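Breakdown of the fold
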Amino acid sequence: MADAGLMEKIVSLAKRRGFVFPGSEIYGGFAGVYDWGPYGVFLRENVVRTWERSMQEHDDIAFIDSGIFTAPEVWEASGHVSGFNDPLVECLSCHSKLRADHLLESIGINADEKMSEAELNELFDAARKDIVCPVCGKKQFGNVVQKNLMATSTLGRFSEEDKEVYLRAETAQGIYINYKNVLQTGFYKIPFGIAQVGKVFRNEISPRQFLFRKREFEQMEMQYFVRPSEAPAIYESWRAERMAYYDRLGIRPDHLRWKRHDNLVFYAKDAWDIQYEYPFGWGELEGLHYRGDYDLSQHQKFSGVDMSYRDEKVGGSFIPHVIEASVGVDRTVLMVLAEAYAEDEMNGETRVVMRFHPRIAPLKAAVFPLLKNKPELVAKAREVYDDLKKAVPYVIWDDNGNIGKRYRRQDEIGTPFCITIDFDTLGESPEKKDTVTLRRRDSGEQDRLSIKDAIETIKKAIA
Ligand code: GAP
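Residues numbered from 1 in each chain as written. Predicted model: local features only at pLDDT ≥ 70, side-chain atom pairs only at ≥ 80, totals over all residues. Heavy atoms only, no water.

1. Overview of the overall build of the chain
Test applied: Secondary structure is summarised from DSSP: a helix means a run of H or I of at least four residues, a strand means a run of E of at least two, and numbering begins at the N terminus for each. Between buried and exposed lies partly exposed: a residue is buried under 20% and exposed over 50% of the maximum accessible area for its type, with that area taken using a 1.4 Å probe on protein chains only. Contacts: residue pairs with any heavy atoms within 4.5 Å of one another. Only the protein chains shown count as cover for residues, and the accessible areas themselves come from Shrake-Rupley with a 1.4 Å probe. Positive charges come from Lys and Arg, negative ones from Asp and Glu, while His and the chain ends are left out of the count. Taken as the charge location is NZ of Lys, CZ of Arg, CG of Asp or CD of Glu.
Along the chain, the regular secondary structure elements total 15 helices and 23 strands. Overall, the chain is about 80 × 65 × 50 Å in size when its C-alpha atoms are taken along their principal axes. Within the chain, the proportion of its 463 residues that are buried is 51%. Within the chain, contacts between residues separated by at least 24 positions form 65% of all contacts whose residues are at least 6 apart in sequence. Counting only carbon and sulfur atoms, one obtains 50% of the accessible surface of the chain, whose full area is about 22000 Å². Both charge centroids of the chain, one from 63 positive and one from 73 negative side chains, sit 3 Å from each other.

2. A few points about the site of the ligand
Convention followed: Nearness of a residue to a molecule or strand requires only that one of the residue's heavy atoms be within 4 Å of it. Throughout this description, a polar contact denotes any pair of N or O atoms lying within 3.5 Å of each other; where both atoms belong to protein, one of them has to be capable of donating a hydrogen while the other can accept it, and for residues adjacent in sequence the pair is counted only when both atoms sit in side chains.
The environment of the ligand is made up of 20 residues, and the closest members are Glu-170, Glu-221, Glu-284, Leu-285 and Glu-324. Between the ligand and the protein, one listed contact pairs an oxygen atom with a backbone N or O atom of Leu-285 at 2.7 Å. One nitrogen or oxygen atom from the side chain of Arg-331 is found 3.5 Å from a nitrogen atom belonging to the ligand. Expressed as a share of its isolated accessible area of 560 Å², the protein-covered part of the ligand is 91%.

3. Let's talk about the domain arrangement of the chain
Our working rule: Residue ranges for the domains trace back to a domain assignment, done automatically or taken from a database. Summed over both partners, the accessible surface that disappears when two parts come together, traced with a 1.4 Å probe, is what is meant by buried area. Here, a salt bridge means any side-chain nitrogen of Lys or Arg that lies within 4 Å of a carboxyl oxygen of Asp or Glu. In this count, Pro and Cys sit with the nonpolar residues alongside Ala, Val, Leu, Ile, Met, Phe, Trp and Tyr, while Asp, Glu, Lys and Arg are called charged and the others, Gly among them, polar.
Split by domain assignment, the chain resolves into domain 1 (4-77 + 161-336), domain 2 (85-148) and domain 3 (363-462). Taken together, the contact pairs eight residues of domain 1 with 11 residues of domain 2. Buried area between domain 1 and domain 2, summed over both chains or domains, comes out near 780 Å², and the portion from carbon and sulfur atoms is 51%. Inspection of the region where domain 1 meets domain 2 yields one salt bridge. For Arg-99, the salt bridge identified is with Glu-204, shortest N-O distance 3.9 Å. Across the domain 1-domain 2 interface, the total number found is one residue pair in polar contact (both at pLDDT 80 or more). For the side of domain 1 that touches domain 2, a count of residues per class yields two nonpolar, three polar and three charged.

4. Describing helix H6 (residues 117-127)
Three- or four-residue spacings in an α-helix give side chains the same orientation, since the helix completes a turn every 3.6 residues. What counts is decided by this rule: The arc in question is the one spanned by the directions pointing from the helix axis to the C-beta atoms.
Listed as buried for H6 are Leu-120, Asn-121, Phe-124 and Ala-127. Angular distribution of buried residues about the axis of H6 spans 130°; they occupy a single face of the element. Exposed side of H6, more than 90 degrees from the buried face: Ala-118, Glu-122 and Ala-126 are the residues found there. Buried residues along H6 sit in contact with strand E4 (85-90), helix H5 (100-106) and strand E6 (145-148).

5. Some words on the packing of aromatic side chains
Convention followed: Aromatic contacts are taken between Phe, Tyr and Trp rings whose centres are within 6.5 Å, Trp giving its six-membered ring; a plane angle under 30 degrees counts as stacked, one over 60 as edge-to-face, and the others as tilted. By definition, being over a ring means that NZ of Lys or CZ of Arg is both within 6 Å of the ring centre and within 35 degrees of the ring normal.
One pass over the structure, following the stated rule, counts 24 aromatic pairs. Judged by centre distance (5.7 Å) and plane angle (85°), the ring pair of Phe-124 and Phe-141 falls under edge-to-face. One end of the pair, Phe-124, is in helix H6; the other, Phe-141, is in the loop between H6 and E6, and 17 residues separate them in sequence. Comparing Phe-124 with Phe-141 shows no difference in burial state: the two are buried. One aromatic cluster is present, built from ring pairs that chain together Tyr-179, Tyr-188, Phe-192 and Phe-225. The side chain of Arg-239 reaches across the aromatic face of Trp-272, ending 4.2 Å from its centre. The positively charged end of Arg-242 is found above the aromatic ring belonging to Tyr-245, 4.0 Å away from the centroid.

6. Let's talk about the nonpolar core
As a reminder of what qualifies: Definition of nonpolar core: a set of buried residues of the types Ala, Val, Leu, Ile, Met, Phe, Trp, Tyr and Cys, connected through side-chain atoms within 4.5 Å.
One finds Phe-19, Tyr-246 and Leu-337 to be the most contacted residues of the largest nonpolar core, which totals 65 residues. Sorting elements by how many residues they give to this core places helix H11 (residues 329-340) first, with eight residues. When residues of this core are sorted by domain, at least three fall in each of domain 1 (4-77 + 161-336) and domain 3 (363-462). If we skip the residues at most four places from it in the chain, Leu-337 touches Ile-10, Phe-19, Leu-43, Phe-210, Leu-211, Met-354 and Phe-356. Counting 22 residues, the second largest nonpolar core, distinct from the first, contains Val-378, Leu-388, Phe-417 and Ile-462.

Put into structure tokens, the structure is as follows:
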């Protein structure tokens with residue numbers, strides 16, 4: 001269920017607890033860019049690792065890490081220079097730059113992605129009297145203009161020939177231009193895949209919805225190269241695998257759904273998105289696209305390099321078909337934050353708790369000395385902390401404020417376990433010597449366990 005208030009709470013918690021900060025905030029912000037804070041870095045890392053591991057489970061998937069800068073021809077071949085556009089329209093009253101297709105969508109009209117600028121203007125003109133600016137509420141707009149989304153930079157400093165170059169708008173092109181190199185390593189035969197994770201850049205007209213639509217973001221993409229005859233069955237198995245994958249991040253299946261593309265681009269054979277029910281409504285999380293031989297054929301055409309595959313198994317050669325699984329790191333993190341956010345009652349107080357799956361929680365455990373001004377307690381707690389750190393990554397020391405405050409803070413960071421070292425740990429009651437209190441985030445339950453058992457419990461939960 002869409003819940004705009006929830007989005008505000010997530011944005012505020014993300015800043016307060018060090019997950020995500022607005023980009024360049026001390027200079028008034030920078031639209032479409034956010035910075036990862038201390039716990040956002042760990043959460044993002046756990047999301048990426050989960051994806052990488054799921055791909056590494058396939059022996060036939062190679063990983064690469066290609067450049068952000070590429071020869072400009074890459075983007076001419078891919079069609080991004082001529083066709084990677086979004087339709088922009090300006091509100092003549094408040095001068096906001098808006099997506100014309102989103103405005104049309106707001107009154108129930110779907111603009112086909114393939115429409116020319118003239119066709120879009122015709123559609124927009126017919127509907128203009130009903131379209132309201134979401135920023136100022138007026139109904140005066142200029143003409144629709146197609147704007148290219150490629151971000152550019154200049155390389156070189158000294159000559160007239162300094163080139164304007166594109167920053168990559170997807171990691172997929174880096175995979176296609178290295179497909180032959182990977183094949184020539186000799187370890188891979190069709191069908192096989194190439195995966196990579198990396199930053200991409202897009203001049204989004206209206207970056208919005210926090211991490212959902214950014215100008216600098218990160219993709220996790222896998223391109224699987226197949227025989228044309230085998231493509232439909234392999235596409236179906238990837239679709240099933242990718243949907244099942246989200247269980248690993250602790251996402252409820254009823255918060256995900258399939259959406260087939262209504263209008264396929266001319267080369268695509270089939271295209272489905274996995275959508276998540278974000279606080280603002282259903283939105284694309286991941287694309288599963290059967291792209292035919294378009295990508296490799298285009299690079300063959302523009303580079304002159306033969307991209308065909310000699311098939312030892314069936315004889316002959318062909319240009320492989322591509323099945324793509326592409327998902328954004330930032331949209332995944334936003335989903336994980338939304339899925340985890342909860343408010344409940346504990347000990348008569350309302351608390352905010354991030355119920356991350358322990359595997360992806362940014363911190364796994366916090367260690368508290370009951371009092372920070374008792375050296376013998378602090379020394380014992382340090383010992384436990386050091387032992388725990390050796391067994392479990394992402395552990396934090398917290399001795400700030402009273403225990404209740406420390407619990408609240410760790411609940412908001414989503415730390416699944418807290419360990420408290422008190423006078424009993426030191427042997428005040430001999431039968432409790434070397435035991436600690438292990439407190440569980442979700443239930444608030446506390447167990448008295450030996451130090452060893454407490455560490456084992458945490459290890460087991462994140463395995
Ligand atoms: N190679 C295919 C491709 O780039 P896409 O649908 O444009 O397809 C793939 O992007 C994924 O990247 C999306 O499903 C989404 O998760 C993420 N993504 C796209 N645009 C984004 C943006 N502006 N901000 C954050 N994530 C974005």
